[in-house]
Amino acid sequence: MTFTGNLRKMAAEAGSPIRYTLQLGDDAVSLNGLLGQEIRLRFEGVINCKICGRVTKKAFGEGFCYPHFMNHPENSPCIVRPELCEGHLGKGRDAEWELTHHVQPHTVYLALTSGVKVGVTRSTQIPTRWIDQGAWKTIRLAETPQRQLAGAIEVALKAYVTDKTPWQDMLRDRREDADLTAEKARLHALLPPELQAYYSENPEIQEFAYPVLQYPESVKSISLDKTPDTGGMLAGIRGQYLIFGDGRAINVRSHTGYKVTLETA
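Here goes a summary of the coordinates provided. (Residues numbered from 1 in each chain as written. Predicted model: local features only at pLDDT ≥ 70, side-chain atom pairs only at ≥ 80, totals over all residues. Heavy atoms only, no water.)

**Quick word on the pattern of salt bridges**
(1) Moving on: Summed over all chains, the structure comprises 19 salt bridges.
(2) Moving on: Across the pair D246 and R248 runs a salt bridge, and its minimum N-O distance is 2.7 Å.
(3) Moving on: Owing to a relative accessible area of 53%, D246 belongs among the exposed residues under this scheme.
(4) Moving on: By relative accessible area, which is 18% here, R248 ends up buried.
(5) Moving on: One continuous salt-bridge network, built from bridges that share partners, spans K9, E62, D132 and R253. (Salt bridge = Lys/Arg side-chain N within 4 Å of Asp/Glu carboxyl O. Buried < 20%, exposed > 50% of the residue type's maximum accessible area, 1.4 Å probe, protein only.)

**Let's talk about the nonpolar core**
(1) Moving on: The biggest cluster of nonpolar side chains holds 35 residues, and the ones touching the most others in it are M10, Y20, L22, L31, L242 and L262.
(2) Moving on: When contributions to this core are tallied by element, the ones reaching two or more residues are strand 3 (19-24), strand 5 (38-47), strand 6 (106-112), helix 4 (128-132), strand 11 (229-238), strand 12 (241-244) and strand 14 (258-264).
(3) Moving on: Looking at this core element by element, the count peaks at four residues for strand 5.
(4) Moving on: If sequence neighbours within four positions are ignored, L262 has contacts with M1, T2, F3, L22, L24, V29, I39, R40 and L41. (Core = buried A, V, L, I, M, F, W, Y, C linked by side-chain atoms within 4.5 Å. Helix = DSSP H or I, 4+ residues; strand = E, 2+ residues; numbered from the N terminus. Contact = heavy atoms within 4.5 Å.)

**What to know about the environment of I222**
(1) Moving on: One can find I222 in the loop between strand 10 (220-221) and strand 11.
(2) Moving on: Relative accessible area serves as the criterion here: at 9%, I222 is assigned to the buried category.
(3) Moving on: Residues I222 and N251 lie 29 residues apart in sequence; the distance between their C-alpha atoms is 7.9 Å.
(4) Moving on: Non-local contacts of I222, meaning those with residues more than four positions away in its chain, are made with T230, F244, R248, A249, I250 and H255.

**Focus on the packing of aromatic side chains**
(1) Moving on: One pass over the structure, following the stated rule, counts seven aromatic pairs.
(2) Moving on: With a centroid separation of 5.8 Å and an interplanar angle of 65°, the aromatic rings of Y109 and W130 are classed as edge-to-face. Of the two residues, Y109 is situated in strand 6 and W130 in helix 4; the sequence distance between them amounts to 21 residues.
(3) Moving on: In this structure Y109 comes out as buried when scored by relative accessible area, which is 0%.
(4) Moving on: Here the basic side chain of R175 rests over the ring of W136, its NZ or CZ set 4.1 Å away from the ring centre.
(5) Moving on: Stacked on the ring of Y199, the Lys or Arg K184 has its end atom at 5.2 Å from the ring centre. (Phe/Tyr/Trp six-rings, centres within 6.5 Å; stacked < 30°, edge-to-face > 60°. Lys NZ or Arg CZ within 6 Å of the ring centre and 35° of its normal.)

Right, dumping it as structure tokens:
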């Protein structure tokens, strides 16, 4: 079968394993059913901005044309560095957008992809954010009423735990188990006094299983800019990556806006 449309980040539905859907134009393609089959992705040479739809020669960030990359609130500095958020002050690239998206409850969490990492997400994005990062185990560490406070907690903890996701280790399933309850308690004690009040008493640990037939021993990321016609046996899906049987992997989210044709057996 053949499907053509602009790539967006894969939709993920919690389950055992996670269920992934790829939206291409009007078609929603269930990817779990393609595991073990040969698939091909062909870049059609067109990139459309995910905000305005205009054709752009290059995608900036994750699917922006240059003007929206520079000015749209979805690409504000505080997206990557939440401690910089000014939405609670009535400021930002778009104060109304900030009010809707950032002056909202946020969660600081610990996640295991390989080792323990700390992260921040809007609370309504749980568990989507954890799945998009390929985490296999998570726990809430703090709950805040707005984004900047969550970012301040994350910054305070960066001296003791990483905030990065090692995608190569994640795609090879090089996991290190850890007692997240004990780690949460350890980091709680290290929080500055003014941030202690936001500590979450929620003890729930969530675990996730991904639809992967086999993990590669080594992994190589591929780009449609350099390899516009690619594919192979779909060996697995984790985070926002499609993993092929030969160890190559493609990050779907980083190709947002690319017009592609997906061919399946």
